[in-house]
Amino acid sequence: MDKNSEIDNTDLQILSLLMEDANMPYTEIGKRIYVSGGTVHVRMRKMEELGIVKNAQLNIDYSKLGWDISAFLGIYLDKSSLYGEVSKELEKIPEVVNVHYTTGIYSIFAKIICKDTQHLRQVLHDKIQKVSGIQRTETFISLEESVNRPIPLYKQ
């Protein structure tokens, strides 16, 4: 079965509006796309059950809370077959916010958020580089994020 066979344009419109403003009430979404708030609720529940909608998250500016360093790590593994074990260990480190299994020169590409450069050094040295299976890492500090957005699903 096609992955999208249970999803139609109404579902895509609902998702698009919620990606713009996750706080938008279902009744408002319904008004904008000419369906009832109950229909929006039922469709959202369906998309959750299908695994399309996994959860809702706040988009936080961590720098305003004192977390000033965003960094990306290229991680070399001893063997690529260790990905599952290593990713489970990285998940235990609170500063690690994203982990991707990748092609190219790194086995894993991860994003971490730290308070400052000293905290970054501590996370790298005392936590990440002590994970069994990690051979070495390369760190890229982000100076600025200029784009962070969802992909467009539906044109209104």
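Quick summary incoming for the structure in this document. (Residues numbered from 1 in each chain as written. Predicted model: local features only at pLDDT ≥ 70, side-chain atom pairs only at ≥ 80, totals over all residues. Heavy atoms only, no water.)

Looking at the sheet that holds strand β2 (residues 96–101)
Strand pairing in a sheet relies on backbone hydrogen bonds, with the paired strands running either antiparallel or parallel.
In step 1: Spatial ordering of the open sheet is given by β2-β3-β1-β4, a layout of 4 strands whose pairing is antiparallel. A strand with exactly one partner marks an edge of an open sheet, and here the two such strands are β2 and β4 (134–142). Across the sheet, the mean angle from the axis of one strand to that of its neighbour is 20°, orientation sign disregarded.
In step 2: Bridging between strand β1 (residues 69–77) and β4 involves 8 bridges; their strand directions are antiparallel. Counterpart to Y76 in the pairing with β4 is R136. (Pairing = 2+ DSSP bridges. Helix = DSSP H or I, 4+ residues; strand = E, 2+ residues; numbered from the N terminus. Axes fitted to C-alpha atoms, helices over the stretch in contact; angles between N-to-C directions.)

Section: the packing of helix α1 (residues 9–20) against helix α2 (residues 26–33)
In step 1: Remark: α1 packs on α2, axes separated minimally by 10 Å, with the N-to-C direction vectors making an angle of 125°. On the basis of their axis angle, the class for α1 and α2 is oblique. Taken as a pair, α1 and α2 cross one another with a handedness that is right-handed. Of the residues in α2, those touching α1 at T10, Q13, I14, L17 and L18 are Y26, I29, R32 and I33.
In step 2: Counted by class, the contact of α1 with α2 contains 6 nonpolar, 2 polar and 1 charged residues. (Parallel < 35°, antiparallel > 145°, perpendicular 65-115°, else oblique. Left-handed = near helix turned anticlockwise from the far one by under 90°. Contact = heavy atoms within 4.5 Å. Nonpolar A, V, L, I, M, F, W, Y, C, P; charged D, E, K, R; others polar.)

Things to note about α2
In step 1: Among the residues making up α2, those that are buried are I29, G30 and I33. All buried residues of α2 fall inside an arc of 100° around its axis, so they share one side. Exposed residues lying more than 90 degrees from the buried face of α2 are T27 and K31.
In step 2: On its buried side, α2 packs onto α1 and α3 (37–49).
In step 3: The positive-phi residue at the C-terminal boundary of α2 is Y34, with phi of around 65°. (Buried < 20%, exposed > 50% of the residue type's maximum accessible area, 1.4 Å probe, protein only. Arc of directions from axis to C-beta.)

Let's talk about the packing of α1 against α3
In step 1: For the pair α1 and α3, interaxial distance at closest approach is 10 Å and the crossing angle is 90°. By the angle class used here, α1 and α3 are roughly perpendicular. Contact with α1, carried on its side by T10, D11, I14, L15 and L18, involves V40, R43, M44, K46 and M47 of α3 and no other residues of that element.
In step 2: Its residues placed into classes, the contact of α1 with α3 shows 6 nonpolar, 1 polar and 3 charged.

Describing the pattern of salt bridges
In step 1: The full count for this structure, using the stated rule, is 8 salt bridges.
In step 2: The salt bridge partner of R43 is D8, with a shortest N-O separation of 2.8 Å. Of this pair, R43 sits in helix α3 while D8 sits in the segment before α1, placing them 35 residues apart in sequence.
In step 3: Note on D8: relative accessible area 33%, which makes it partly exposed.
In step 4: Between D11 and K46 there is a salt bridge, with its nearest N and O atoms 2.8 Å apart. Here D11 is found in helix α1, whereas its partner K46 is found in helix α3, with 35 residues between them in sequence.
In step 5: What makes D11 buried here is its relative accessible area of 0%.
In step 6: Using a relative accessible area of 24% as the deciding quantity, one classes K46 as partly exposed. (Salt bridge = Lys/Arg side-chain N within 4 Å of Asp/Glu carboxyl O.)

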